[in-house]
Amino acid sequence: MSTSELDSILQRLVQLHDLQDIPQKINLCRQALRLVRKEDQPRRWAYLNFVLGTNLGENLLGERADNLEQSIFHLEQALEVCTRESSPELWAGIQINLGSSYSQRIRGDRAENLEQAIQCHSQALKIFTRDRFPKDWAAIQDNLGGAYKFRIIGEQAENLEKAIEYFQKALEIRTKQELPQDWARTHNNLGVAYSDRIRGDRRNRLTDRDGSGSCGSNLNRTSSDCVKFIVGQAE
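Everything numeric in this text was worked out from a predicted model, so none of it was measured.

Participant: Any chance you could explain the overall build of the protein here in plain terms?
Facilitator: Of regular secondary structure, the protein possesses eleven helices and zero strands. Starting at the N terminus and ending at the C terminus, the protein contains elements arranged as α-α-α-α-α-α-α-α-α-α-α. Taking all 235 residues of the protein together, 51% fall into the buried category. Partitioning the intrachain contacts of the protein with sequence separation of at least 6 by distance along the chain shows that 61% fall at a separation of at least 24.

Participant: What's the story with the packing of aromatic side chains in this structure? I'm lost.
Facilitator: Aromatic ring pairs: the centre-centre distance and the angle between the two ring planes describe each pair. Considering all chains together, one arrives at two aromatic pairs under this definition. Consider the rings of phenylalanine 128 and phenylalanine 133, whose centres lie 5.0 Å apart with planes at 80°: the pair is edge-to-face. Taken together, a centroid distance of 5.6 Å and an interplanar angle of 20° make the contact between tyrosine 148 and tyrosine 166 stacked. Note that tyrosine 148 is positioned in helix H7 (residues 134–150) and tyrosine 166 in helix H8 (residues 156–173), a separation of 18 residues in sequence. Given the relative accessible area of 9%, tyrosine 148 is considered buried. Residue tyrosine 166 is classed as buried on the basis of its relative accessible area, which comes to 18%. Between the NZ or CZ atom of lysine 149 and the centre of the ring of phenylalanine 150, over which it lies, the distance is 4.7 Å.

Participant: How should I be thinking about the nonpolar core in this particular structure?
Facilitator: The nonpolar side chains of a soluble globular protein tend to be buried, and buried together. Among the nonpolar cores identified, the biggest contains 32 residues, and Leu48 and Ile94 are the most heavily contacted of them. For this core, the element with the highest residue contribution is helix H3 (residues 42–58), accounting for eight residues. Of all hydrophobic cores here, the second largest spans 20 residues; its members include Ile127, Leu144, Ile164 and Phe167.

Participant: What's the story with helix H4 (residues 64–79) in this structure? I'm lost.
Facilitator: Because each turn of an α-helix spans 3.6 residues, side chains separated by three or four positions end up pointing in the same direction. Under the 1.5 Å per step criterion, the end-to-end length of H4 is 23 Å for 16 residues, consistent within 8% with the ideal 22 Å. Those residues of H4 that fall on the buried side of the exposure criterion are Ala65, Asn67, Leu68, Ser71, Ile72, His74, Leu75, Gln77 and Ala78. In this fold, the buried residues of H4 make contact with helix H2 (22–33), H3 and helix H5 (88–104).

Participant: When you look at the side chain of glutamine 77 in this model, what are you seeing that I'm missing?
Facilitator: Considering the arrangement of structural elements, one finds glutamine 77 in helix H4. Beyond its immediate sequence surroundings of up to four residues, glutamine 77 is in contact with Trp45 and Asn49.

Participant: Even after reading the chapter, I still don't get the side chain of serine 100, so can you show me in this structure?
Facilitator: Mapping serine 100 onto the fold places it in helix H5. According to the relative accessible area criterion, serine 100 is buried, its value standing at 5%. Here glutamine 104 takes part through its side chain, which lies 3.0 Å from a polar atom of the side chain of serine 100.

Participant: Help me understand the pattern of salt bridges in this model?
Facilitator: Side chains bearing opposite charge may pair, as long as their charged atoms lie close to each other. Across all of its chains, the model carries 14 salt bridges by this definition. In this structure, the salt-bridge partner of arginine 37 is glutamate 39, at a minimum N-O distance of 3.7 Å. The partner of arginine 185 in a salt bridge is aspartate 182, and the shortest N-O contact between them spans 2.4 Å. Of the two residues, arginine 185 and aspartate 182 are both situated in helix H9 (residues 180–196); the distance of three residues between them amounts to about one turn of the helix. Sharing partners across several salt bridges, the network here consists of Arg37, Glu39 and Asp40.

Participant: What should I look at first to understand H7 in this one?
Facilitator: Taking 1.5 Å per residue as the helical rise, H7 with its 17 residues ought to reach 24 Å, and the 25 Å between its terminal C-alpha atoms agrees with that figure. With respect to burial, H7 is a largely interior element, 14 of its 17 residues being buried.

Participant: Where do I start with the confidence of the model for the protein in this structure?
Facilitator: Low-pLDDT stretches of the model should not have their predicted coordinates read in fine detail. In this model, the protein carries a mean pLDDT of 88, and residues with pLDDT of at least 70 account for 84%. Note on residues 209–218: pLDDT under 50 across the span, and 33 contacts to partners over four residues away in sequence or across chains. Counting contacts from residues 222–235, a segment whose pLDDT is below 50, to residues more than four positions away or on other chains yields 34 contacts.

Participant: What is the right way to read the environment of asparagine 55 from this model?
Facilitator: Within the element layout of this structure, asparagine 55 appears in helix H3. Of the residues examined, asparagine 55 reaches a relative accessible area of 0% and is grouped as buried. A C-alpha to C-alpha distance of 8.0 Å links asparagine 55 and proline 23, two positions 32 residues apart in sequence. From its side chain, asparagine 55 meets the backbone oxygen of valine 51 in a polar contact 2.8 Å long.

Each value, and the rule that gives it
Residues numbered from 1 in each chain as written. Predicted model: local features only at pLDDT ≥ 70, side-chain atom pairs only at ≥ 80, totals over all residues. Heavy atoms only, no water. Helix = DSSP H or I, 4+ residues; strand = E, 2+ residues; numbered from the N terminus. Buried < 20%, exposed > 50% of the residue type's maximum accessible area, 1.4 Å probe, protein only. Contact = heavy atoms within 4.5 Å. Phe/Tyr/Trp six-rings, centres within 6.5 Å; stacked < 30°, edge-to-face > 60°. Lys NZ or Arg CZ within 6 Å of the ring centre and 35° of its normal. Core = buried A, V, L, I, M, F, W, Y, C linked by side-chain atoms within 4.5 Å. Expected span 1.5 Å × (residues − 1). Polar contact = N/O pair within 3.5 Å; in protein donor to acceptor, adjacent residues only side chain to side chain. Salt bridge = Lys/Arg side-chain N within 4 Å of Asp/Glu carboxyl O. pLDDT = per-residue confidence, 0-100.

This is the structure we're talking about:
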C-alpha cells in the first residue's frame, strides 16, 4: 500500500463538503479502498465503505437503481466490521443510512425493502435515544414515519396511525423555532399521512393536512463527521 498516495486521497476527501462534490467523493473513496485491505486496517476500511455507501445513496448522477444497490452493498460491508459493541454511534449511523437506501430502493420486493428500512431505523434508535441525541432521534422518527406511511405489509389503517405517531414524535424536537426546515419537512409528511388516514373524522384529516411529503429524511452522518475519523483512524 502506498501510504503517501492514501494520505493524499484522504486529505482531498476531507475538503469536500458540498452536494456537487458527491461524485468526486465517490471516486476518491473507491481509490482509497483499492489501497486499504480489510485485514490490515479494518476500521478505516469500514469507514470508507460507510462514506462511499452513503454518498452513493445520495448520488443523483448515473442510474439511480444501480447507485442504491451499490449503496446498500457498501453500507452492509461496513457493518461487517462496525458492531454495536465496538463502535455504537457509527454502527447506528450506518443503520440509518442503510435504512434510507432500502426505503428508496427500486429493485427487489418493495414490501421487503420497506421492512428492511424499518428494521434498520429501529436498530439505530437503540443508540440514538431522545435524551442523548435528540436531533438524531427526531430524524429517525421522521424516517420511520415515512416507511410506515408507504408500508405494504400489515393493515394499512394501522400503518398510517403509526406513521402519524412517528411524525408527531419528531415534531416534539423539530420545532419551528429551533429547526424550521426540518419542522416544515416533517409537518408536510404529517399532512400527507393525515390526508390518507383511514380512521378518524374526514373533516379533521383535511384540516390537519399541511402539504406534501416524501418517505424519509435520510439523516446523513457521513461527509464531515466520518471523513475526519477516516483520516485519523488506522489499525
